[in-house]
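A structural walkthrough
For reference, the chains in residue letters:
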Amino acid sequence: MPTIILDRDGVINHDSDQYIKSPSEWIAIDDAPKAIARLNHAGYRIAVATNQSGLGRGLFGLEALNSIHRKMRDAIERAGGHIDMIVFCPHHPADNCKCRKPNPGLLHAIAQEIPLDPDTDWMVGDTAKDLTAAQRVGIRAAMVATGKGQRELATGVVSRETSPVFGDLTGFVNWLLD
């Protein structure tokens, strides 16, 4: 069964430079829950790999993060889909951990539970860090223009020639499945 790994903030939900610190701040991007449901119905497993340095910065605790993820799962389930696995990096960027994207630690953690296949599996993110993490574990990567995507594309660090770019998660899913 193929796997799609999604970044969370900026791909599934609206991002904030002030961080998503509570369930009330978590707002799904348009039809992202429906797009995830479509992937599920097409036979894809869904994993979420998300940097959550707000934990390391002391902006919110694990209980708040779990509540945010519960709200996300509920929204996706209401749309008819589900998330198979969520992994997160709780570290501050200065911690130089192995799990914070662009390092591949989060994707390696997923691969321990769900074997990844470079021929069928994708990482979808809104930053070059997401794409780099995918490349480091040997799976394909796609970029969305939501979240930080537009800013990243404007800097030129992501090449449209080497990474497909979509307006949003729904655009990626339409391309993949149609």
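Structure first, text after, so check above.
Here is a short report on the structure shown in this document.

**Considerations on the overall build of the chain**
- In terms of regular secondary structure, the chain is built from 7 helices and 6 strands.
- Ordered by position from N to C terminus, the α and β elements of the chain give β-α-β-α-α-β-α-β-α-β-α-β-α.
- On C-alpha atoms alone, the chain measures out to a radius of gyration of 15 Å, which is about the 16 Å that the 2.2 N^0.38 rule sets for 178 residues.
- Taken across its 178 residues, the chain has 47% of its residues classed as buried.
- Considering only intrachain contacts with a sequence separation of at least 6, the fraction spanning at least 24 residues in the chain is 64%.

**Observations regarding helix α7 (residues 169-177)**
- When we look at burial in α7, the residues that qualify are Leu169, Phe172 and Val173. Down the axis of α7, the buried set is contained in an arc of 95 degrees. They therefore lie on one face.
- Where α7 is buried, its residues touch β1 (3-6), α1 (32-41), β4 (122-125), β5 (140-144) and β6 (165-166).
- Its side-chain oxygen 3.2 Å from the backbone nitrogen of Thr170, Asp168 forms the N-cap of α7.

**Observations concerning the packing of aromatic side chains**
- Inspection of the entire model under this criterion finds 5 aromatic pairs.
- Both rings, one in Trp122 and one in Trp175, keep their centres 5.4 Å apart while their planes meet at 90 degrees; by these two values the pair is edge-to-face. Taken together, the positions of Trp122 in strand β4 and Trp175 in helix α7 put the pair 53 residues apart, joining distant regions of the chain.
- Judged by its relative accessible area of 5%, Trp122 is buried.
- On the numbers, 5.6 Å between centres and 75 degrees between planes, the contact of Phe166 with Phe172 is edge-to-face.
- Three or more aromatic residues link up through ring pairs in this structure, and these residues are Trp122, Phe166, Phe172 and Trp175.

**Points about the pattern of salt bridges**
- In total, this model carries 7 salt bridges according to the counting rule given.
- The residue Asp17 makes a salt bridge to Arg151 at a minimum N-O spacing of 3.4 Å. Of the two residues, Asp17 sits in the loop between β1 and α1 while Arg151 sits in helix α6 (residues 149-155), which places them 134 residues apart along the sequence.
- Between Lys101 and Asp130 there is a salt bridge; the shortest N-O distance is 2.7 Å. Here the residue Lys101 occupies a position in the loop between β3 (85-89) and α4 (105-113), and Asp130 occupies one in helix α5 (residues 128-137), the gap between them amounting to 29 residues. You'll find Lys101 and Asp130 in the same group, each marked buried.
- Through salt bridges with shared partners, a single ionic network connects Asp7, Lys101 and Asp130.

What counts and what doesn't
Residues numbered from 1 in each chain as written. Predicted model: local features only at pLDDT ≥ 70, side-chain atom pairs only at ≥ 80, totals over all residues. Heavy atoms only, no water. Helix = DSSP H or I, 4+ residues; strand = E, 2+ residues; numbered from the N terminus. Rg over C-alpha atoms; globule rule 2.2 N^0.38 Å. Buried < 20%, exposed > 50% of the residue type's maximum accessible area, 1.4 Å probe, protein only. Contact = heavy atoms within 4.5 Å. Arc of directions from axis to C-beta. Polar contact = N/O pair within 3.5 Å; in protein donor to acceptor, adjacent residues only side chain to side chain. Phe/Tyr/Trp six-rings, centres within 6.5 Å; stacked < 30°, edge-to-face > 60°. Salt bridge = Lys/Arg side-chain N within 4 Å of Asp/Glu carboxyl O.

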